[in-house]
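# Residue-level structure breakdown
Chain by chain, the residues run as shown.
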Amino acid sequence: MALNAFDEKMFELRLERSRRDLFDMLERLYGRHPDYARFRHSLEERMKAAWARRPRDLKWLDMKRDLEPDWFQRPDMVGYVFYIDRFAGDLNGVLSKLDYLEEIGANYVHFMPCLKPRPGDSDGGYSVMDYRAINPGFGTMKDFEKVAKALRERGISLCIDMVLNHTAREHAWAKAARAGDRDKQDYYLLFDDRTLPDAYEKTLLEIFPETAPGSFTFDRTMEKWVWTTFNTHQWDLNWANPQVFLEIADVMFDLANKGVDVLRLDAVAFMWKRMGTRCQSEPEVHMILQALRAACHIVCPAVIHLEEAIVGPQEMLPYLGRGVHDGKEGNLAYHNSLMVQFWSALAARDTALMTHVLGTHFPSVLRNATYATYIRCHDDIGWAITEADAEAVGVTGPGHRAFLSDFYEGVFPGSFARGALFGVNEETGDKRISGSFASLAGLERALESGDAAEIEHAVQRIIMGHTLIAAHGGVPLIYMGDEIAMLNDYHYRENPDHAHDSRWIHRPRMDWDAVERIQRGDMTSPQSKVWHGVRHAMARRKATPELHAGYAVRVPSAPGRRVFALLHEAPTGPLLCLFNFTEDTALIPGEWALSEGVTSFHDALSDLPAKLSDGNVVLSPYGRLWLR
Ligand code: GLC
């Protein structure tokens with residue numbers, strides 16, 4: 001497709017803007033490859049062709065977002081994450097749910113994996129056999145484009161998963177590799193015998209220790225061992241091969257041209273392998289991600305990248321661009337620590353560890369980036385808490401992690417939670433947890449016992465969690481069903497493709513009957529209270545300019561370990577957000593709030609005066625206040 005003079009010039013300008021961000025990285029990654037010159041040329045050609053194919057309305061969006069590069073950092077951003085089939089049946093069904101999305105305030109939706117997966121167990125769609133086709137159960141690419149357009153017309157951004165680390169073993173590349181195609185064999189990491197796999201495995205960690213132990217799978221057709229970090233049907237791509245970069249970049253441009261706004265780059269930590277390491281978050285991973293980011297910034301600047309690396313702070317922050325990659329890598333990355341610390345403080349009724357971790361390890365501002373904040377998602381919760389952090393507040397790492405898994409499994413004496421174990425590692429003693437927000441927060445147990453006070457506590461915990469992500473400054477992601485307090489779904493045990501994977505306990509089908517009851521005026525059920533609470537928190541977020549992610553945020557230590565505090569240092573003055581993590585009333589000295597810069601005891605969240613008693617600010621059980 002020929003470019004007109006304007007588009008030609010535009011492409012040149014954008015290429016110039018990001019040239020070094022792209023080619024400096026590629027040079028370092030692939031400069032010594034015999035085919036480097038051809039690869040480089042080919043990438044430029046593909047970028048230009050993708051820009052030429054880009055639909056007009058998306059070119060306008062590129063322009064708009066180039067003019068408003070902070071669009072995803074603004075407080076009006078609210079995300080909603082769902083499985084297409086479990087939320088709406090199929091893509092056409094999504095069209096009938098747009099009003100609902102608007103009603104809860106979402107202007108960003110994440111369709112859980114929607115590209116064509118392998119048949120049977122596909123790891124929830126993360127085992128993709130065709131990146132250029134939609135899951136036939138959800139509809140066609142045409143349907144997808146129609147939905148993307150409808151969302152765009154309502155100002156709702158669309159995020160989809162792009163699995164970078166592996167393809168399904170049914171992908172055409174893997175099939176060709178199995179049929180003996182040497183070029184395609186070089187897309188994967190194959191070994192003739194166990195010598196190298198054994199050597200690598202000395203330092204690799206188990207991802208799914210119970211269901212897919214080891215990181216290599218023997219393929220009988222090729223008689224070779226294949227690197228499979230996750231499940232045996234997920235073949236790791238060989239990112240040391242520039243051809244893989246080219247292919248994947250081209251897929252990303254195509255998805256962008258179908259109307260995708262946010263690419264969620266899945267399992268990125270594992271993309272580069274180095275003997276003697278865990279093969280996670282190696283420096284080359286960040287070079288690849290910066291290069292992919294720069295390539296999209298040239299072809300489709302409206303598109304941003306959400307990088308998925310569910311790891312501790314030191315390892316996670318680089319995904320948002322640190323050091324040489326500052327401002328040039330992920331625009332978004334999951335704030336795993338905020339999620340883990342929420343659950344930790346809730347179980348312990350003590351915010352000291354949360355304040356320590358969030359206050360010491362995270363920079364007060366990020367350039368050109370922010371966090372995706374969440375309390376629950378489709379995955380399990382791993383207790384990523386280091387020994388040093390635990391010890392800083394007087395507990396031990398192994399002790400606290402064991403306490404948290406027992407608490408959320410529901411076996412710790414007095415626990416309010418009900419969850420399921422996931423990824424139990426006999427060797428390390430590590431236990432992860434599955435469970436829905438509501439069940440982990442105590443609603444399932446409370447409803448069974450019928451204890452009204454406990455039900456109310458659970459409701460307040462769920463609303464408090466949502467208010468925390470609304471107030472953090474990153475993009476809050478509401479996980480489907482949490483806004484109506486959906487409980488654990490035990491049906492997964494009856495489905496042979498899901499029974500082995502307890503994460504399905506928190507991937508329910510949307511309860512539209514409950515939504516209908518709420519819409520018809522139910523104001524008193526726990527579901528309704530949560531729904532109104534979540535919606536209110538998101539609406540208040542939109543009305544609070546201090547929550548722009550571009551402003552500095554600090555974590556002051558609130559007196560008394562019951563309350564967690566966040567301080568937004570907006571140019572118009574500070575906003576102090578307080579969260580009570582206990583079922584008791586908490587008192588925070590007014591003097592302390594004043595010393596943090598608060599000038600008014602009017603609560604910006606409820607838009608009512610804060611309750612004061614003897615010079616203290618009063619927070620009800622699980623209460624929250626936003627003070628200016
Ligand atoms: C990501 C997904 C997870 C999946 C894994 C392998 O971590 O969130 O659900 O199992 O990647 O693709």
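Read on for an overview of the structure. (Residues numbered from 1 in each chain as written. Predicted model: local features only at pLDDT ≥ 70, side-chain atom pairs only at ≥ 80, totals over all residues. Heavy atoms only, no water.)

As a matter of local geometry, the ligand sits amid 13 residues, with D123, D266, E308, H378 and D379 nearest to it. Within the side chain of E308, one N or O atom sits 2.7 Å away from an oxygen atom of the ligand. Computed on the free molecule, the ligand has an accessible area of 310 Å², of which 95% lies beneath the protein chains in the complex. (Near = heavy atom within 4 Å. Polar contact = N/O pair within 3.5 Å; in protein donor to acceptor, adjacent residues only side chain to side chain. Areas by Shrake-Rupley, 256 points an atom, 1.4 Å probe, with all protein chains shown as cover.)

Now for the packing of helix α14 (residues 336-348) against helix α20 (residues 452-472). It is the contact of α14 with α20, at a shortest axis distance of 12 Å, that shows an interaxial angle of 145°. Of the two elements, α14 crosses α20, and the hand of that crossing is right-handed. Contacts between α14 and α20 pair L338, F342 and L346 from the former with R461, M464, G465, L468, I469 and H472 from the latter. (Axes fitted to C-alpha atoms, helices over the stretch in contact; angles between N-to-C directions. Helix = DSSP H or I, 4+ residues; strand = E, 2+ residues; numbered from the N terminus. Left-handed = near helix turned anticlockwise from the far one by under 90°. Contact = heavy atoms within 4.5 Å.)

Right, let's talk about the packing of helix α2 (residues 36-53) against helix α11 (residues 242-257) for a bit. Axis separation between α2 and α11 bottoms out at 10 Å; the angle between their running directions is 5°. Between α2 and α11, the angle is such that the two are roughly parallel. Mapping the contact onto sequence places R38, F39, S42, L43, R46, M47, A50 and R53 in α2 and P242, Q243, F245, L246, E247, A249, D250, F253, D254 and N257 in α11. Here the contact of α2 with α11 is composed, by residue class, of nine nonpolar, three polar and six charged. (Parallel < 35°, antiparallel > 145°, perpendicular 65-115°, else oblique. Nonpolar A, V, L, I, M, F, W, Y, C, P; charged D, E, K, R; others polar.)

Once that is clear, we can look at the pattern of salt bridges. For side chains bearing opposite charge, pairing can occur when the charged atoms are close. Throughout the structure, instances matching the rule amount to 57 salt bridges. Sharing partners across several salt bridges, the network here consists of R46, R53, R132, D250 and D254. (Salt bridge = Lys/Arg side-chain N within 4 Å of Asp/Glu carboxyl O.)

Below, the discussion takes up helix α1 (residues 5-30). When the terminal C-alpha atoms of α1 are compared, their 32 Å separation across 26 residues is substantially less than the 38 Å that a helix rising 1.5 Å per residue should span. Helix geometry: α1 is bent most strongly at S18, by close to 60°. Every buried residue of α1 is accounted for by D7, M10, F11, R14, L15, S18, L22, F23, M25, L26, L29 and Y30. Contacts made by the buried residues of α1 are with α2, α3 (56-67), α11 and α12 (283-299). (Expected span 1.5 Å × (residues − 1). Bend = angle between axes of the 7 residues up to and from the residue. Buried < 20%, exposed > 50% of the residue type's maximum accessible area, 1.4 Å probe, protein only.)

That is the geometry; function is a separate question.
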